[in-house]
Amino acid sequence: MSNDGVGLRAVMRSVAFLTAGALAVPALAGCSSEDTASKPLAEQDIAPAARDQVADGGTLHWAVDALPETLNTFQADANATTTTVAQAVLPSMYRLDANGRPQVNPDYLESAKVVETEPKQVVLYKLNQQAVWSDGREIGAADFAAQWRALSGKDSAYWTARNAGYERIEKIERGANDLEVRVTFARPYADWRSLFSPLYSKDVMGTPDSFNDSARKKLKVTAGPFRLKKVDRKDGEVTLARSERWWGHPAKLDEIVLTAVPRDERTGALAAGDVDLAEIDPESLGRITLAARAGAKTGSTPLAGPGGLSAHGSGSNLGAAAALRSWAVAHEDGEEAADDEAGAGKKKREAALAYERQQTALKGFEVRRSLEPAYTQLALNGASGPLADERVRRAVARALDRKELAKAVLTPLGLPAEPVGSHLALSGQDAYADNSGALGGQDTEGAEALLADAGWVHGGPVKKENGEKAEEGEKADKGEKAAGAEGEKSGGTSEKESAKESEKSRKKSDKESEKSKKGSREKSDNEDPADEDSADSEDDKGDKGDDKQYANKLAQGGAPAGAYAPKGTPAPAAAATKVLAKNGKALALRFVLPSGPGSETLRTVAGRISSMLAKVGIRTEISKVSDESYFKDHIASGQYDLALYSWPASAFPATDARPIFAKPVPAADGSLNVEQNYTRVGTDQVDQLFDQAVTTLDASESRSLIRKADSRIWAAAGSIPLYQRPQLTAARKNLVNAGAFGFQTPVYEDMGFLKKGAKPASGPSGN
């Protein structure tokens, strides 16, 4: 759901009527700042260098998540690698700048502007006279027209995933000469700059067969600084070679090889010299940082730092045993195994030396850091259950300290920790304004008042498993147990009994915890204690949860053992009395999360959110499911109450964001058509504001309408933006003009390796 590549359009972005008097939005909060241009929270970090400092030749090995299933970006199974290939080999009329705003791409376009608005909107494109396809044919109106016909939606033989904007075109014709293209719209379209980026040859778009099949595996005709040389599915590589027909600045690199490398294997691939550039997860940051720190002074080694001291920390006096422990933990042998290997045998010593060799190799890399043009949100499923009530959704939102969540993720990475204030744009983009005031900030008392107004009261009677109500004297006792159905430690019973139970757990686990305490000191600062098995359901072993069992659990106030804090953690003084119930049911929400190795950050954030919600009496059951089923079987199908996932920001929110926030409507077969609105929360007013914004050719007015729509989306509380995603890219130190790109579209022809003795321009890079 979050793109690695930076496309001109983020097509696959994702992620209730207001009760009368429940919310006042004076002058639609956030609109007052619409004339103030924002700036990106973090600069791109690519080790910029002038072209004359970059050596000619060489091959860049670049790790990607997966090979492209198709090379046609307009098909449903296109992925981030499809976008990367398209950016390097195909024309694009516009590209994004460092602020995430579209700019004319002079390699293809001299100018583009609206030349008529009455009776129809007409856009005139003037093409670069040097722009030609790799077969020598000029890029022209015939290519524009073929792409329009394929994507207009009028011919069902074309298997397209999207046609936004193209369906508004009435005709395309040649202008005064071959270098001019006139596009006439049947209906006004504010986001016309989003079209024809990328642009495929008429040979691809001309017939359904060529569109559906030919462009999936091959691109015979291209027009970029690189051409597609080979797709090797056996070795998991896509090779792009310098194009001899390119008329712009020639590419510095001979080739770019895109190699599919799983995230959890990238550190090893970097150390082995298999890749030069790889986006990494925060959990993989430590080893490269450790290697860089160890290599900061002559005589350092990755395991023994300057002066013979360990490189694990400034001035620390860790010896060989500690280094071996670090190695064992890094190899997931666990803390117990790490202690057992303090007096390591031959086999482990050899493995430790191999680890040291890897660390030595990693000294040639650095981590380049920025913020990805995407944000992580908390999604609230408003289709049914407690969250169908807008007051409960708003209470969830008001219980959250978004600033604290952003700090937990971004501060340990050295990135600015500001919560995202818009669903429709990010700081730096034209449409951005902080409209979160339409919902309000963290307010525990306000959240509790909203819950009370919705009928959720403290200590209310909770039905037992046999359907009987708990006696009045059992409300805070047995009712609390019902909320924790399968484990007494999920919430405690009474304050006194919670303390007793916690003391028993503490004594029972003293011996076991001694070892884990040692290991925990080596954990990343980005981890949160509340995430450690904080609320795992049976789905943690796989996606074998049954929806009926889940429904029964919630009906009984069910939640698994350890759902709200690590085992042995005493319950807060107020926790035992904050059982919220309504009509005999405890207020419990299923929080679904992916279980894969790259999702530790999400699970950390989920643990903190659960703690924040517990303070206002909202219980959560964290259910970890397989990465493969997370989106398809849970998010898209609506089998969740709370979830965390990300959507890339778009330079054209009036077009691209509408499907994400459109009000779901009944389909002909009786099902609900949600498009990409997986929270199932929408309003007619938001739809109307999007419709107005996309048809208004006045940029200022369109921007104002987008911000008003965002305020209404905040008010509906279907999704709560949390933080902009970190973008961490490990790069070989002499690789320039590549790394953490932020908003900006990569300039592939400028990427390369420094000449001997040359240095990149100063930038934010650093470990």
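What comes next is a walk through the structure. (Residues numbered from 1 in each chain as written. Predicted model: local features only at pLDDT ≥ 70, side-chain atom pairs only at ≥ 80, totals over all residues. Heavy atoms only, no water.)

Side note on the overall build of the protein
Reasoning step 1: For the protein, the count of helices and strands is 22 helices and 23 strands.
Reasoning step 2: Relative to its full complement of 767 residues, the protein shows a buried share of 55%.
Reasoning step 3: Only carbon and sulfur atoms are counted for the fraction: they give 48% of the accessible area of the protein, which is about 32000 Å². (Helix = DSSP H or I, 4+ residues; strand = E, 2+ residues; numbered from the N terminus. Buried < 20%, exposed > 50% of the residue type's maximum accessible area, 1.4 Å probe, protein only. Areas by Shrake-Rupley, 256 points an atom, 1.4 Å probe, with all protein chains shown as cover.)

Notes on the sheet that holds strand E14 (residues 580-582)
Reasoning step 1: The strand order across the open sheet formed by three strands is E13-E14-E15, and the pairing between neighbours is antiparallel. Across the chains shown, the open sheet's two edge strands, defined by having one partner strand only, are strand E13 (457-458) and strand E15 (585-586).
Reasoning step 2: Here E13 runs beside E14; their pairing, made up of two bridges, is antiparallel. If you follow Val-457 over to E14, its bridge partner there is Ala-581. (Pairing = 2+ DSSP bridges.)

Things to note about the packing of aromatic side chains
Reasoning step 1: Tallying each qualifying case throughout the model produces 18 aromatic pairs.
Reasoning step 2: Ring centres of Phe-74 and Tyr-166 lie 6.3 Å apart, and the angle between their planes is 90°; this geometry places the pair in the edge-to-face category. Separated by 92 residues along the polypeptide, Phe-74 in the loop between strand E1 (59-64) and helix H1 (80-89) and Tyr-166 in the loop between helix H2 (141-151) and strand E6 (169-174) bring together distant segments of the chain.
Reasoning step 3: Phe-74 sits in the buried class, given a relative accessible area of 2%.
Reasoning step 4: Accessibility expressed as a relative area gives 2% for Tyr-166, which makes it buried. (Phe/Tyr/Trp six-rings, centres within 6.5 Å; stacked < 30°, edge-to-face > 60°.)

Digging into the pairing of strand E7 (residues 180-185)
Reasoning step 1: Among the six residues in E7, five count as buried, and that is most of the element.
Reasoning step 2: Alignment of strand E5 (residues 122-127) against E7, held across five bridges, turns out to be antiparallel. Counted as the bridge partner of Leu-124 is Arg-182 from E7.
Reasoning step 3: Inspection of the sheet shows E6 paired to E7 by five bridges, in the antiparallel sense. Bridged to Glu-173 within E7 is Arg-182.
Reasoning step 4: If you look at the hairpin formed by E6 and E7, you'll find five residues sitting between the two strands.

A word on helix H9 (residues 346-362)
Because each turn of an α-helix spans 3.6 residues, side chains separated by three or four positions end up pointing in the same direction.
Reasoning step 1: Over its 17 residues, H9 extends 24 Å from the first C-alpha to the last, a length consistent with the 24 Å expected when each residue adds 1.5 Å.
Reasoning step 2: Where H9 is concerned, the buried positions are Ala-352, Tyr-355, Gln-359 and Leu-362. In a view along the axis of H9, the buried residues occupy a sector of 65°, so they form one face of it. Pointing more than 90 degrees away from the buried face of H9 are the exposed residues Lys-346, Lys-347 and Arg-357. (Expected span 1.5 Å × (residues − 1). Arc of directions from axis to C-beta.)

Let's talk about the packing of helix H6 (residues 285-294) against H9
Reasoning step 1: Contact geometry for H6 and H9: axes closest at 8 Å, N-to-C directions at 75°. As the angle between them shows, H6 and H9 are arranged roughly perpendicular. Between H6 and H9, the contacting residues are Arg-287, Ile-288, Leu-290 and Ala-291 on the first element and Tyr-355, Gln-358, Gln-359 and Leu-362 on the second.
Reasoning step 2: Taken together, the residues of the contact of H6 with H9 sort by class into five nonpolar, two polar and one charged. (Axes fitted to C-alpha atoms, helices over the stretch in contact; angles between N-to-C directions. Parallel < 35°, antiparallel > 145°, perpendicular 65-115°, else oblique. Contact = heavy atoms within 4.5 Å. Nonpolar A, V, L, I, M, F, W, Y, C, P; charged D, E, K, R; others polar.)

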